[in-house]
Structures are given as C-alpha cells and as structure tokens.
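Remarks on the overall topology
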Amino acid sequence: MILEKKIDSKFLTFGPQEMIFVVLAIISVIGLSFGAHALLVGHDNVFGTSREIPWGLLISPYVFFACLSTGLCIVLSLGQIFNIKVFKPIINRTAFLSLVTMATGLLCITIELENPWRVPFFALLSPHPASNIWWKTTIYSLFMIFMVFNLLSLFMKNEKRARIFSIIALITVTLGNLNMNSDMAILGGRGFWSENYMPLYFLTLSTLTGCAAILLFTWVANIFNKETSTEAEDNALRATARLFMFLLFGLLYFTGMKIMGGFYPEFTKNPEAMYLLVQDDFAPNFWIGEVILAVILPLFLVLVSRGRNKGLLAIAGISCLVGTFTLYYHLVIVGQLIPHYFQFNVVDLPQFYSYTPSLHEIMITVGAIFFFLAAFVLGEILFKKINFGK
Amino acid sequence: MNLNSKEDLEEDRMKVNKEDSMKIEDLKKLSNEGIENIPSVERRQFMQFGLAITGVFLGGTVLSLTSAKNVESAVSGGKILDGDYPYNPHYTMVIREKHCIDCEKCLDACRSTNNVSLHGYRTDILERSVPKAPGERERIFMPILCNHCNRPPCVRVCPTRATFKDKINGIVRMDITKCIGCKTCMAACPYNARFFDEEIRAIDKCNFCYDTRLKESNGKITACAAACPANVRVFGDLTNPETPAYKLIHSSGKVFWVLRPELNSMPNVFYVEK
C-alpha cells in the first residue's frame, strides 16, 4: 500500500536516463558473460592465474568494492547512528551505494570461484569457523540483508528501525573488513600481507574510499538528475571533504611506511616484495597509482578547493578511487610474485614470478564496474520516481 | 716462587687492562655500523617493538574472528620437531638429498599411480646450485612435495573443510566434492604443493598415496618412495622406532632440517644430507 502511494504516475516512462542505464547494463552483461565462459571452460584456460599465482586480478575488485562498502557504511553511521546532523542529507544515497558496492564485490568473488554453486551447500553443511574466508562470506552476506532492511525502513520513514539495522550492519561490516585483512595476513607463506599495520590500514582505506565515492557520486547524481544541490547537501559534502582530507593524511603516513620499506629493508617484514613494489617492476604503478593518484593529487585538490568546489572534490574522489584500486591490485598480486623457494639457490628459478591479467579477467572486472554504475543509475532513477525518503 | 708468580700475575693483569683500555679508545674512534648488519629477524622484532610503542601495532587480529598465529611465527623463528607425535601412525618422509640423481622415476610413479593430471604435479625435483667453497658450487637435487604439516596453513584457510588433516594419520587430504575452487589453500601453502585440476574441478595434492596404495597395503610405502632407485625418499612412521625414517632423524649427531621452518607450520617432510 505504502509502495503504491509513493510510486509516481510517470513510473513507466523511458527517457535519456533510462537509456543510460540500459547502455551501462549492456556493457555489464557483455563483461560478465566472459565470466560465464570462464566458468564453462575452466579458469586455467582463460585466466592469467597459475599454480604459483592462484589469486589474480578479480580479487582486487572484490577487495575494492567490499572495502568501499565498509567505508560507505562507516560514513553512513555518522549521520544515521551517531546523529551528526551535517551528514544526515546524504544518508539515503550512502546507504544505497553501500549495498550495491557490496553486491558488486560479492559478484566479483563469485565469478572468481571455480565452483561457486558449491558455496551455499558446503558453507552451511561443512562450515569451517577457523577460516577467515568463511566468516567473511557469511558476514558480508548478512550485511547485505541488514542493509536491505535498513533501506526499506528508510523508505518507509521508520528511522528508529532503520537505525537499529544500520548499527547491526556497521558491526557486521567492520568485522568483515577486519577478517578481510586477516584472510590475507594468515597466508604467512607469502610475503607482503602480514604487516602489523594492516587492520588500521584497511579501515583507513575503506573509510577513505567511502568518502571519495560520496564526493564523486553526489556530484554525478546532481548532474544526472539536473538538480542543484541544497545547502544542507553542500554542508554534508564539505564535512565529508574534511574527513576525506584527514584520512588522506593517514594514507600518506601508510604510503610513507611502504616507501621506507621499499628503500630500507629494516622497515618491513617483506623486503623482497616491497622492493619489487617501490623500486622494481611495479614502481611506475606504485608511484603513479598509490602515491600520486591515491594521495597527492586528491590532497592537493581538496586543499585547493577548500572543500567548496564540488567539481574539484569529485575529481579528487575519482583520482583517489582509481589510485586505491591500483593499491588493492598490488596488495593482492605483488606478494605472490616472490618465488616460494627463492632462498634455496634453485637453478632457473626466476627472481620473481610473473602475472598478467587475461582478457577474460579484464572484461569481468569491467563488467563488475559497469554493474555497479548501472545499479547506481537505476537507484537514482527509481528513488526519484518513488519519491524516496522525501 | 709464589710471591714472584703473584707479582707476575699482577703485572700481566695491568698489561691486559692497559690493552683493554686501548681497545676501548680504539673502538670509540670507529663509526657506527648502523642497523643494516643486524640479522633480519632481530631487525623485524625491533621494528615490531617500535610499532607496538607507537600504537601502530594491532597484531593483525583486532576484532578478527580467528587468530593469526602463523603471522607471528614468521618473525619468531619457528619449531621443527617437538618430539610429540600427535598421530598414530604419524606418517613422514625423509629425503636423503645428496642421493638424488634427478632420474624422475618418482615423478612418473606418482603421476601413473595417482592419475595426476598433465596440467600439474604432486611432487617435483628442484635443482639447486649451492655455494660450497669460494668459487665452487655444488649441484644438489631437492625433491619437494606436500609437507603434511602439523599446523597446515592450507587447512586453516579452507572455508568448507574440503582440505583437512586426517585425524588418525595426519595426512593432509582433499574431499574434492566440497572444493569451491577459491584457491586460498594454494595461496597459503608455503611449499607450492597444490594445484587446481580442471579435470576434477578441485585442488589436487600429494596425500602420501593414501587412496591408491596406503589403504590397500596397510601403510607400507608411497609410489614415489617405492620407485626411487637410490632410496632418496624414505617413507615411514614416526611413532615406530623400527622404521628407517624414524632412525634417520633420530640417530645421534645426524643433522636434519625442514623447509621454511620460520613459518612454524611443523612440516612432516624432513631432509638429511645422506
């Protein structure tokens, strides 16, 4: 009944906005169809992964989107749970983005599995509570359910109930995030993932990307909807920009730690991987992606705009998102490139293993990104039509 | 005589003290060597200590629902054998490294006995070039396989218990019907002992020929050990002092080692020279 009342009479109209959605959805389907093909023929035949490098490109969008969702939920909590008034105008969009980013992350990891159809059966029938992956998958699935209920409650203007679901969602997604880094950290056989600062690093990165996404997608939504933002929204963006700047300084510290590790082995547990990242083959990626795009450029733009120019803030946001995507790619790949038996003087063993993402992996990643974009656009269309939260 | 000798001793002591003081003066003139020459483990522990003081250290497990002991063991040295064998029989393989001539009969035997896919392998032989003396290197062949660790990182990470440690004999085995193909066990294995077999759509790995030979022959010997002409691979039970494998690593003065002990995974494949 409530739904029917809220739905606008122009619900079934098809305009340029709907056309944009269709285009994005088609690109997404094309990309994801490569995943279906990979599932049919087996990953060994179409992925760049190998016995030595079992985790490839697809883990990066999973980590990226899951952490992004965590960050969005954390920023959401500022307005919805902690009642900081300035963040309240962006609650609806942030909650929706948090949900669709998690859905995108789980989509990526599902396609990355060789036998995804076994997950629902054996995750329930043969669970392994000592495994971080089991916890992570369970927690993220629960998070999605809580976030759906949060959104529905927001839609029905039941703020109290929405707040309860938001609290539960925040706790679950934080636990999931900490299991995400533990999942990697316990792989002690490989370099790179057991650095002591990992939990703090993951939470900082997550919140940072959450802020970046809000800055970017609020600006995009205003253009998309041909709306000018309200003063309250502007204030929310300014507050987000301040938080964003603070977190960028945090990331600057962690990036500095990485650089120190790359140049001075005594500052890291994984000197070989850090050297490869900071000074060797991955150095251009690192300096352009992790240093300039993720930290320096966004920090410069935020400082120049003083949190007022929404266009510059949006550029800072996208720059940071692209930079952190590279960061997650390095986090997944570089540690695996150190040969298992590198200290054994093995004849013909390369100094580093090599990995290049295949066309299938790239297309699936593109498909996942467009899935997220299509979902975002669909959300904007639907929420406007059903008069969401107003 | 006694007095003389006492005086002599006193004189000697004075000399030594003088020399010592000279040395300290000399030492003071030397420049600081820095921390570059401290062994890496000590350096890392020092850094960890520093991070703990500055509050950056969070142990890798804050609010995480499982612990990360393996991470810490990576910087703490690690155990090889604690003399306690939790399984009965407790299967092991002792590799007599310098006997290996790389004939690869073990690899063929493994492949044919266990129907190992051509896309991968359960065991391999690495060729090492080890410094022996200045300007001289020694060629050594090092067979590798699953180490059937007592604390297997691969088992720990599996979300569906598709890979598990046999509660009776300690063999790390696979239940291929439960494998979801996440390949986390492959990423976790420090020995590169696992591969994804597209034919069975699951991880494949050495199981000490559990399903193909051990069950039938009541735990006698694996295919690779049976095929080896130089008796490089000695398969046995660590709870039975009569087995050659037990004797090889329990004989007095015998040096044995495991691969990557710093990970504290407590492997059950041991290496001896001969």
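Treat the numbers as computed from the prediction; the structure is a model and nothing was measured.

1. What to know about the overall build of chain B
Of the regular secondary structure elements, chain B holds 9 helices and 10 strands. The buried share among the 274 residues of chain B stands at 38%. Residue pairs in contact within chain B that sit at least 24 positions apart in sequence constitute 61% of those at least 6 positions apart.

2. Description of the overall build of chain A
Secondary structure assignment for chain A yields 14 helices and 0 strands. Reading chain A from its N end, one meets helices and strands in the order α-α-α-α-α-α-α-α-α-α-α-α-α-α. A globule of 390 residues ought to have a C-alpha radius of gyration of about 21 Å, and chain A, at 21 Å, matches this closely. Principal axes of the C-alpha set define a box for chain A whose edges measure 75 × 50 × 40 Å. When contacts within chain A are restricted to residue pairs at least 6 apart in sequence, long-range pairs at least 24 apart make up 78% of them.

3. Some thoughts on unusual backbone geometry
At the junction of N88 of chain B and P89 of chain B, the peptide bond is cis and its omega measures out at 0° in the coordinates. With respect to the element layout, P89 of chain B can be found in the loop between α3 (69-76) and β1 (91-96). Positive phi values are uncommon outside glycine, yet D348 of chain A reaches one of about 65°. With a phi angle near 50°, R201 of chain B is a residue other than glycine that sits in the positive phi range.

4. Some remarks on the packing of helix α4 (residues 59-80) of chain A against helix α9 (residues 198-224) of chain A
Residue and element names in this part refer to chain A. Orientation of α4 relative to α9, taken along the N-to-C sense of each, is 75°, at an axis distance of 7 Å. As the angle between them shows, α4 and α9 are arranged roughly perpendicular. Contacts between α4 and α9 involve C67, L68, T70, G71, L72, I74 and V75 on the former and, on the latter, F202, L205, S206, T207, L208, T209, G210, C211, A213 and I214. Residue composition of the contact of α4 with α9, by class: 11 nonpolar, 6 polar and no charged.

5. Description of the confidence of the model for chain A
Predicted coordinates in regions of low pLDDT should not be interpreted in detail. Chain-level pLDDT for chain A is 89 on average; 92% of the residues reach the 70-or-more range. Per-element confidence in chain A is highest for helix α12 (residues 283-305) of chain A, whose mean pLDDT is 95, and lowest for helix α1 (residues 2-6) of chain A, whose mean pLDDT is 53.

6. A look at helix α2 (residues 16-41) of chain A
Residues and elements named next belong to chain A. For α2, which comprises 26 residues, the first-to-last C-alpha distance of 38 Å matches the rise-based estimate of 38 Å (1.5 Å per residue) to within 8%. Turning to α2, its buried residues are F21, L24, S28, G31, L32, F34, G35 and A38. Looking one or two residues past α2, G42 carries a phi angle of roughly 95°, positive in sign.

7. What about the environment of I386 of chain A?
Residue and element names in this part refer to chain A. Summarising the element assignment, I386 is placed in the segment after α14 (359-385). Among the residues examined, I386 registers 17 C-beta atoms within 10 Å and is labelled partly exposed. Sequence separation of I386 and D281 is 105 residues, and the distance between their C-alpha atoms is 51 Å.

8. Some remarks on the sheet that holds strand β8 (residues 233-237) of chain B
Residue and element names in this part refer to chain B. One open sheet holds the 4 strands; their spatial order is β8-β1-β10-β9, and the pairing between them is mixed. Two strands bound the open sheet, and with one partner strand each, they are β8 and β9 (256-257). By the bridge criterion, 5 bridges tie β1 to β8 in an arrangement that is antiparallel. If you follow T92 over to β8, its bridge partner there is G236.

9. Some points on the packing of α9 of chain A against helix α13 (residues 310-333) of chain A
All names here are of chain A. Contact geometry of α9 with α13 gives a least axis separation of 8 Å together with a crossing angle of 140°. In terms of orientation, α9 and α13 fall into the oblique class. Here α9 and α13 pass one another in a crossing that is left-handed. In this structure, α9 uses L205, L208, T209, A212, A213, L215, L216 and W219 to contact α13, whose residues at the interface are K310, G311, L313, A314, A316, G317, I318, C320, L321 and T324. Broken down by class, the residue content of the contact of α9 with α13 amounts to 13 nonpolar, 4 polar and 1 charged.

Rules of the game
Residues numbered from 1 in each chain as written. Chains lettered and ligands numbered in written order. Predicted model: local features only at pLDDT ≥ 70, side-chain atom pairs only at ≥ 80, totals over all residues. Helix = DSSP H or I, 4+ residues; strand = E, 2+ residues; numbered from the N terminus. Buried ≥ 20, exposed ≤ 12 C-beta atoms within 10 Å, placed from the backbone. Contact = placed C-beta atoms within 7 Å. Rg over C-alpha atoms; globule rule 2.2 N^0.38 Å. Axes fitted to C-alpha atoms, helices over the stretch in contact; angles between N-to-C directions. Parallel < 35°, antiparallel > 145°, perpendicular 65-115°, else oblique. Nonpolar A, V, L, I, M, F, W, Y, C, P; charged D, E, K, R; others polar. pLDDT = per-residue confidence, 0-100. Expected span 1.5 Å × (residues − 1). Pairing = 2+ DSSP bridges. Left-handed = near helix turned anticlockwise from the far one by under 90°.

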